[in-house]
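Geometric and topological summary
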Amino acid sequence: MSVLLAAETSVRQRPAKEVVLSVRDLSVLFPQGYDRATGERRILRAVDGVSFDLHRGETLGLVGESGCGKSTTARAILRLIGMNSGSVKLDVNDPKTGKPVHYDLDKLSGAKLREARQHLQIIFQDPYASLNPRMTVGDIIAEPLVIYGLAKWNERRDRVQSLMKEVGLDPKHVLRYPHEFSGGQRQRIGIARALALDPQVLICDEPVSALDVSVRSQVLNLLIDLQSRRGLSYLFIAHDLGVVKRLSHRVGVMYLGKLVEVAPSEEIYRTPKHPYTQALLSAIPIPDPVIEKDRRRILLKGDIPSPLARQFGCPFAPRCPQAMPECKTIVPRLAADAPAHEVACLLYPPSRTAPASDSKK
Amino acid sequence: MLLDVKNLKTHFPTQTGLVRAVNGIDLQVREGAAVGIVGESGSGKSVLSMTMMGLVPSPPAIISADQVQFEGKDLLKATASEMRQIRGNRLAMIFQDPMTSLNPFLTIGDQLSEPLLIHKNLTSSQAKKRVIELLASVGIPDPVARYRSYPHEFSGGMRQRAMVAMAVACGPALLIADEPTTALDVTIQAQILELMQSIRQNEGTAVILITHDMGVAAGFCDEIYVMYAGRVVERGPTERLFAEPTHPYTKALLSSVPRLDDPPGGRFRTIPGQPPDLTNLPVGCAFSPRCPYVIDTCRKEVPPLTTVPGESVAREKACFVEIRGKEAGQ
Ligand SMILES: Nc1ncnc2c1ncn2[C@@H]1O[C@H](COP(=O)(O)OP(=O)(O)O)[C@@H](O)[C@H]1O
Ligand SMILES: Nc1ncnc2c1ncn2[C@@H]1O[C@H](COP(=O)(O)OP(=O)(O)O)[C@@H](O)[C@H]1O
Ligand SMILES: [Mg+2]
Ligand SMILES: [Mg+2]
């Protein structure tokens, strides 16, 4: 027992100070036609002014309930969908020369964007939907190498074999098809493909949400190992806060397209500041009947409102147990209330300050 | 005993072999109890509940049991019309996805009235009044207007509330809830669990809660059944079961769940291997290929569910090895 425990609680590598991915005031709007009653244009604010930094070797967890804009944030960073405003900067080291390279992702297109994407890859929740059922595992993993013209045929075969080994797949199965693998193994295939180009940043969009606990742990351990071996940085999107806590160095909480709190993992669970974070944490069941018996839940009233509804003030105000009259008019700013602990709520004075001049155009 | 199931089996003949989805299950539920059935996907939880509800067509399924006693009646021997009398009336069910059990073309009001008109002989205006009360009691705002809404006009959380209202409309003695909150966000899940808990307390309805979430089971249930490969591997009162599991699978399952109160950092505990193929179960205990405590007997005989010795509460386990206070031998 003691040996096992020691291994499990050993502190992982601390992330470096350098920022690899920097997102500022990212907004993504989806036009939704016109309101039948008023004739006004309806705009869905999927992502509404999101800013954060991801450091080298760091895991930043991004949590929030469905529809709060996590996947849209990920897809906008990767430029898989357009952004309406904001900037995304990527600072990586060239894999060949080791020299730092900078990309303004929001401004790039064509060949330069493709080059940048080599360093920034994504894995999805549903490995089934994201793997071509007609391609062999070998071809799926090799595909990015082919597209980027990065390796000759015989080198490719070696690369695929070593990638399969690295993610815990048997290289003998290189000619099998995705349906011949279990859910956990399929997620490993998706990870191997994402690693083929030696990226430095990996966006993981609910990579284990479809997996059962026992299999889920295996995939999460793989992600931990890969991070320490390759020095990867993860933006880890999930709605399971237990998983996120274990895995992440810092955690960001989203609500209706906005980041409402960002803090070191340990701290956000111990002293959540935003009333939404508090409610979210209190709603999560703990697998311990003794704790559950005396646990008091903050039960929120009503449903998560539609991001279509015109909102004034704080997006959480309509459901917030601590809402004040001014919450309906003033938009709280995400600002540091304690070192490294940012929150967007009028209960905390820094959130009342005007936004820094450079973020307003 | 409200529900007393002995040796229930539901097998599906398929092209690749006989799927032993439910493979000899005993289950007892007392009046007003909250019983949890936990286990990973594919362990047979849904097939078990659908079989008890009489919703598994047979043939093709092969269903057998020593008994499925509910309120003194054997459900497996009930005729189709007797079953219709029981279902939705004394015995009700909530599914994971409310859209599978709500008719998209009927208003919420019409659908909720139906069981009242069939089972309770209410007039349509009495039924309407009762439905509006029910909608209000499950926390649906503006129930008079909502009576005329269609399911798609409801959010996921509201649909699940409507499902709960429909399931409890006739005041069932037993409510089977199969992953009722799995598709919902946690803050909405908390609302639905609270609602089910209050129905239990106020109406004395017994609940079987099926879930893969050990946290949900810990908070809701007095007693827990752990399923693996179509069988119950352990049952016991929630607190004792969590405090000191007696089956290696329960123990592995509990320790592989990441908890909110765990320290950050560090690896996740895993259960090595994969759940078995139900058409080709291992000889002996189905968990034996993955079990760290395995002994020779486990690979030869199927361990029966037997009383756990030395406990002040009633506990049962299906395992040849005593694991309390012991670490897995390598
Ligand atoms: N392509 C799209 N067109 C219109 N609306 C979209 C599109 N993609 C996402 N949305 C909406 O944007 C919001 C955020 O969605 P998403 O980023 O997928 O949330 P999450 O990943 O946090 O569950 C939701 O309201 C969703 O319905
Ligand atoms: N109609 C069916 N025919 C064949 N196999 C089935 C059928 N229904 C369920 N099964 C199988 O029975 C097993 C148990 O399924 P289920 O009860 O749905 O699991 P759970 O609810 O625990 O996730 C699964 O392997 C499933 O594939
Ligand atoms: Mg998403
Ligand atoms: Mg099921």
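Structure first, text after, so check above.
All figures in this text were calculated on a predicted structure; none of them were measured in a lab.

What about the overall build of chain A?
Looking only at helices and strands, chain A features 12 helices and 12 strands. Relative to the globule expectation of 21 Å for 361 residues, the C-alpha radius of gyration of chain A, 21 Å, shows essentially globular dimensions. Overall, chain A is about 65 × 55 × 45 Å in size when its C-alpha atoms are taken along their principal axes. Expressed as a percentage of its 361 residues, the buried residues of chain A come to 52%. Where the 51 positive side-chain charges of chain A centre and where its 39 negative ones centre are 2 Å apart.

Here's the deal with the site of ligand 1
Residue and element names in this part refer to chain A. In the neighbourhood of ligand 1, 14 residues make up the surrounding shell, with Gly67, Gly69, Lys70, Ser71 and Thr72 lying closest. Measuring from an oxygen atom of ligand 1, one finds a backbone N or O atom of Lys70 at 2.8 Å. The contact in question runs from an oxygen atom of ligand 1 to an N or O atom on the side chain of Thr72, over 2.5 Å. Burial of ligand 1 by the surrounding chains reaches 66%, relative to a free accessible area of 560 Å². Elements supplying a minimum of two residues to the shell around ligand 1: β1 (19-34), β2 (41-55) and α2 (70-77).

A look at helix α6 (residues 153-166) of chain A
In an α-helix, one turn spans 3.6 residues, which is why side chains three or four residues apart end up on the same side. Residue and element names in this part refer to chain A. Here α6 contains 14 residues, and its C-alpha end-to-end distance of 20 Å stays within 8% of the 20 Å for a straight helix at 1.5 Å per residue. Restricting attention to buried positions, one finds in α6 the residues Val160, Leu163, Met164 and Glu166. What you see down the axis of α6 is that its buried residues fit within an arc of 155°, all on one side. What points out from α6, more than 90 degrees from its buried face, is the exposed set Asp158 and Lys165. For α6, the elements touching its buried residues are α5 (137-147), α7 (183-195) and α8 (213-230). A positive phi of about 85° marks Gly168, the residue just after α6.

Looking at the interface of chain A and chain B
Residue-level contacts link 50 residues of chain A with 44 residues of chain B. Where chain A abuts chain B, roughly 4,300 Å² becomes buried across the two surfaces, and 57% of that area is made up of carbon and sulfur atoms. On inspection of chain A and its partner chain B, the count reaches two salt bridges. Here Arg267 of chain B ties to Asp225 of chain A by a salt bridge, and the two come within 2.4 Å at their closest N and O atoms. For the side of chain A that touches chain B, the secondary-structure elements that each account for two or more residues are α1 (2-9), α8, α9 (241-247), α10 (265-270), α11 (275-283) and α12 (289-294) of chain A.

Rules behind the numbers
- Residue numbering note: each chain is counted from 1, following its sequence as written.
- To label them, take the chains in the order written and letter them from A, then take the ligands in the order written and number them from 1.
- Where totals are concerned, whole chains, interfaces and linings use all residues; where local detail is concerned, this predicted model gives features only for residues with pLDDT of at least 70, and gives and counts side-chain atom pairs only at 80 or more.
- Side-chain measures here rest on the full set of heavy atoms in the structure, leaving out hydrogens and waters.
- Every helix listed is a DSSP run of H or I at least four residues long, and every strand listed is a run of E at least two residues long, numbered separately from the N terminus.
- Here the globule rule is a power law, 2.2 Å times the number of residues to the power 0.38, and the radius of gyration is based on C-alpha atoms.
- A simple rule labels every residue: compare its accessible area, found with a 1.4 Å probe on the protein chains alone, to the largest value its type can have, and call it buried under 20%, exposed over 50%, or partly exposed in between.
- His is not counted here, nor are the chain ends, while Lys and Arg score as positive and Asp and Glu score as negative.
- Charge positions come from single atoms, namely NZ of Lys, CZ of Arg, CG of Asp or CD of Glu.
- Note on terminology: near, applied to a residue and a molecule or strand, indicates that one of the residue's heavy atoms is within 4 Å of it.
- Counted as a polar contact is a pair of N or O atoms within 3.5 Å, where, for protein atoms, one must be capable of donating a hydrogen and the other of accepting one, and residues adjacent in sequence contribute only when both atoms are in side chains.
- Each accessible area is a Shrake-Rupley result for a 1.4 Å probe, and residues are judged covered by the shown protein chains and nothing else.
- One less than the residue count of a helix, multiplied by 1.5 Å, gives the span that helix is expected to have.
- Think of it as the arc spanned by the lines of direction from the helix axis to the C-beta atoms.
- For this analysis, residues touch if any pair of their heavy atoms sits within 4.5 Å.
- Simply put, the buried area is the total loss of 1.4 Å probe accessible area from both parts when two parts are fitted together.
- Every case where a carboxyl oxygen of Asp or Glu lies within 4 Å of a side-chain nitrogen of Lys or Arg is listed as a salt bridge.

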